[in-house]
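If you want the building blocks of each chain, they are given just below.
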Amino acid sequence: MKILPYFLLLVVCGMVFFFFRGPEHYDLLIRNARIADGTGAPLVKGSIAVRGDRIVAVGDVKGAAEIEIDARGTVAAPGFIDVHTHSEAIPELPDAENFVRMGVTTIVSGNCGTSEPLVSAFFDKIKAAGCAINVATLIGHNTVRRRAMHGYYDRPPTPDELQEMKAFVEQGMKDGAVGLSTGLIYLPGAFASSDEIVELAKVASAYGGIYASHMRAENVKIYDALDELLRVAREANIPAEVSHIKLTGPSAWGQADKVLAVLDKARAEGLRITQDAYSYTASSTGLSQLVPDDARANGAKALRASLRDPKKKAEILAAMKEMRERQGHRDYAYAVIARYPAEPSLNGMSIAEAAKLKRGSDSLEDQIEMVLDIQCRGGGTGVFHGINEADLQRFLQHPDTMIASDGGPRSGEATDASHPRSYGNNARVLARYVRELKTLTLPDAIRRMTSLPAKTFRLQNRGTLTPGAFADIVLFDPAKVNDPSTFKDPHHFAEGFSDVIVNGRPVLRAGSLTGIRSGGPLRAPSR
């Protein structure tokens, strides 16, 4: 009977502790925020508490913390997830300042068929360098094909080569890649058959991966390209992602609803299809895309030899004419030289302007010669103004469209005329398409940057502000967020983002980088 008083004493002590204990203590506490939880739900006022790398409480949170942030006047959202980047150089720029300053806390690299060949080695380099943001990767088909076939061959792989390609993809998936990417306008992927891609996608599918494709066409031939993507999704039983969905060239403009109808029909039939888009009416890629694949498949030396042969040159010129006219362009004034190492003084000029300067004429013939000369002298990158604003907005409005930059890490110190999307993509969506044009609501725009990409690319416990999720958090002022980077002057960081938290630690605090690199490799979960 002596046990009972002891038991009652324990109960009383427990009650006293419960009612009179001190306040909860956290590592980080964000107070007075307008919270967008990432699901698309309306914003609510409240606080967010973090311990370690996880969110532990959201809403009416009591207590204190080592770091307390008064978020009055700002929106707190999950860190943005950019699923389409070209960030193989991230170990050389591990602060990822351009991404951080537009609220991005997680990126997916390895897009458009090009990736680091060995996923494990890529992740090791990221870990060794330290990184301010989380980095996932796809395994690139062009990279795999080039390694297995030892060149840019316009032929199917042999059975042994195909087996080697499949082994590369399987190893990449085992090492944590989130899926397979293709870039089917690029060499050597342009020479690959649909059958080849299906076989490789089956390997990625077996590990729960996604198939992300820069399709063979984004112009009037886009429907054939969509058919191929849907075939891969169906036969490989794999989710498929249309990379940077767009319609390029005046000939294709005005067909956004028709393109989306094709994708919606596929979804209704049970295929798992999504798309991403950036918020600009210009694309960017190599100027080599203005030259036919066959003409440049064997390098600059072979191209120069072909141009000395009147018959072969005539064939190249005819193919360039067909390519240009198919897109609806009269000349190459829409193409701007972004980075041309052989002659940097031409950076920022259109092909027409460069031809006028270098050849004394901007005639179509001189523009063509300018394009070929650039390719023969090592090539360069370009910005191509060929997208219609109305089409862009329709693609942005679709509920399955994610926001992705198609950019890469930038230091802000470059002097070329590269695309501004690497600096301003997310900020531009929030400023232009949410605040100014009201194309999207703020909660839905945030959903496209957070929970939708996290779910699509299997980034577990990211993309929402909920207890148990990783503490990737961004604070921004929706009235001040802005993208000062322009096509003429692209190297400016986004504005309006005050704080960025990655895995529970502030990498941007009150507008300044902290030097903390709390990100790192993000491996896909094993199936």
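Our subject in this report is the structure included herewith.

### Section: the sheet that holds strand β9 (residues 139-140)
One open sheet holds the 6 strands; their spatial order is β9-β10-β11-β12-β13-β17, and the pairing between them is parallel. The sheet terminates laterally at β9 and β17 (401-403), the two strands that pair on one side only. Of the pairings in the sheet, the one linking strand β10 (residues 179-183) to strand β11 (residues 210-214) comprises 5 bridges and is parallel in character. Of the residues in β11, the one forming a bridge with Leu180 is Tyr211. Of the strands in this sheet, β11, β12 (240-242) and β13 (273-277) touch helix α7 (residues 222-236), which is tilted by about 160° from β12.

### Section: the nonpolar core
Judged by nonpolar contacts, the single largest core of 85 residues is most densely connected at Leu430 and Phe497. The biggest single contributor to this core is α7, with 9 residues. What Leu430 contacts, discounting residues up to four positions off in sequence, is Phe80, Arg435, Leu442, Ala445, Met449, Phe476, Val481 and Phe497. Core analysis: the next-biggest nonpolar cluster, separate from the first, contains 24 residues, Met320, Ile351, Leu372 and Ile374 among them.

### Some remarks on the sheet that holds strand β7 (residues 104-109)
Backbone-to-backbone hydrogen bonds join strands into a sheet, with any given pair of strands oriented parallel or antiparallel. A sheet is described by the order of its strands in space; here 4 strands give the open sequence β6-β7-β8-β22, paired in parallel fashion. At either margin of the open sheet sits one strand with a lone partner, and together these are β6 (80-82) and β22 (520-521). When β6 meets β7, the two strands line up parallel, connected through 3 bridges. Its bridge partner being in β7, Ile81 is matched across the sheet by Thr106. Against the sheet, helix α3 (residues 119-129) contacts β8 (134-137) and β22, and its axis sits at roughly 170° relative to β8.

### A closer look at the pairing of strand β16 (residues 381-384)
As defined by bridge partners, strand β14 (residues 283-286) adjoins β16 across 4 bridges and the pair is classed as antiparallel. Counterpart to Ser283 in the pairing with β16 is Phe384. Judged from the 4 bridges that link them, strand β15 (residues 335-339) and β16 form a sheet pairing that is antiparallel. Note that in β16 the partner of Ile337 across the bridge is Gly382.

### Describing the environment of Ile107
Within the secondary structure, Ile107 sits in strand β7. Remark: the alpha-carbon pair of Ile107 and Gly408, spanning 301 residues in sequence, is separated by 9.3 Å.

### As for the pattern of salt bridges
Between side chains of opposite charge, a pair can form when the charged atoms approach closely. Taken as a whole, this structure holds 35 salt bridges when the rule is applied. With a shortest N-O distance of 3.7 Å, Lys166 and Glu199 are connected by a salt bridge. Taken as a pair, Lys166 in helix α5 (residues 159-174) and Glu199 in helix α6 (residues 194-206) lie far apart in primary sequence, 33 residues in all. Judged by its relative accessible area of 26%, Glu199 is partly exposed. Asp195 serves as the salt-bridge partner of Arg231, at 2.4 Å between the closest nitrogen and oxygen.

### A few points about the pairing of β8
The side chains of a regular strand alternate, first on one face of the sheet and then on the other. Burial of the side chains of β8 extends over both faces: Asn134 and Ala136 are buried on one face and Val135 and Thr137 on the other. Across 4 bridges, β7 lies against β8 in parallel orientation. If you follow Ile107 over to β8, its bridge partner there is Val135. The parallel pair β7 and β8, bridged by α3, forms a crossover whose chirality is right-handed. Here 2 bridges tie β8 to β22, and the two strands are oriented parallel to one another. Bridge assignment links Asn134 to a residue of β22, and that residue is Gly520.

### Overview of the packing of helix α4 (residues 141-149) against α5
Where α4 meets α5, the closest approach of the two axes is 9 Å, and the angle between their N-to-C directions is 135°. With respect to α5, the element α4 is oriented oblique. Along this stretch, α4 crosses α5, giving a crossing that reads as right-handed. Listed contacts from α5 to His141, Val144, Arg145, Arg147, Ala148 and Met149 of α4 are Glu161, Glu164, Met165, Phe168 and Val169. Partitioned by chemical class, the residues of the contact of α4 with α5 number 6 nonpolar, 1 polar and 4 charged.

Parameters and conventions
- Residues numbered from 1 in each chain as written.
- Predicted model: local features only at pLDDT ≥ 70, side-chain atom pairs only at ≥ 80, totals over all residues.
- Heavy atoms only, no water.
- Pairing = 2+ DSSP bridges.
- Helix = DSSP H or I, 4+ residues; strand = E, 2+ residues; numbered from the N terminus.
- Contact = heavy atoms within 4.5 Å.
- Axes fitted to C-alpha atoms, helices over the stretch in contact; angles between N-to-C directions.
- Core = buried A, V, L, I, M, F, W, Y, C linked by side-chain atoms within 4.5 Å.
- Buried < 20%, exposed > 50% of the residue type's maximum accessible area, 1.4 Å probe, protein only.
- Salt bridge = Lys/Arg side-chain N within 4 Å of Asp/Glu carboxyl O.
- Right-handed = clockwise from strand over helix to strand, strands pointing away.
- Parallel < 35°, antiparallel > 145°, perpendicular 65-115°, else oblique.
- Left-handed = near helix turned anticlockwise from the far one by under 90°.
- Nonpolar A, V, L, I, M, F, W, Y, C, P; charged D, E, K, R; others polar.

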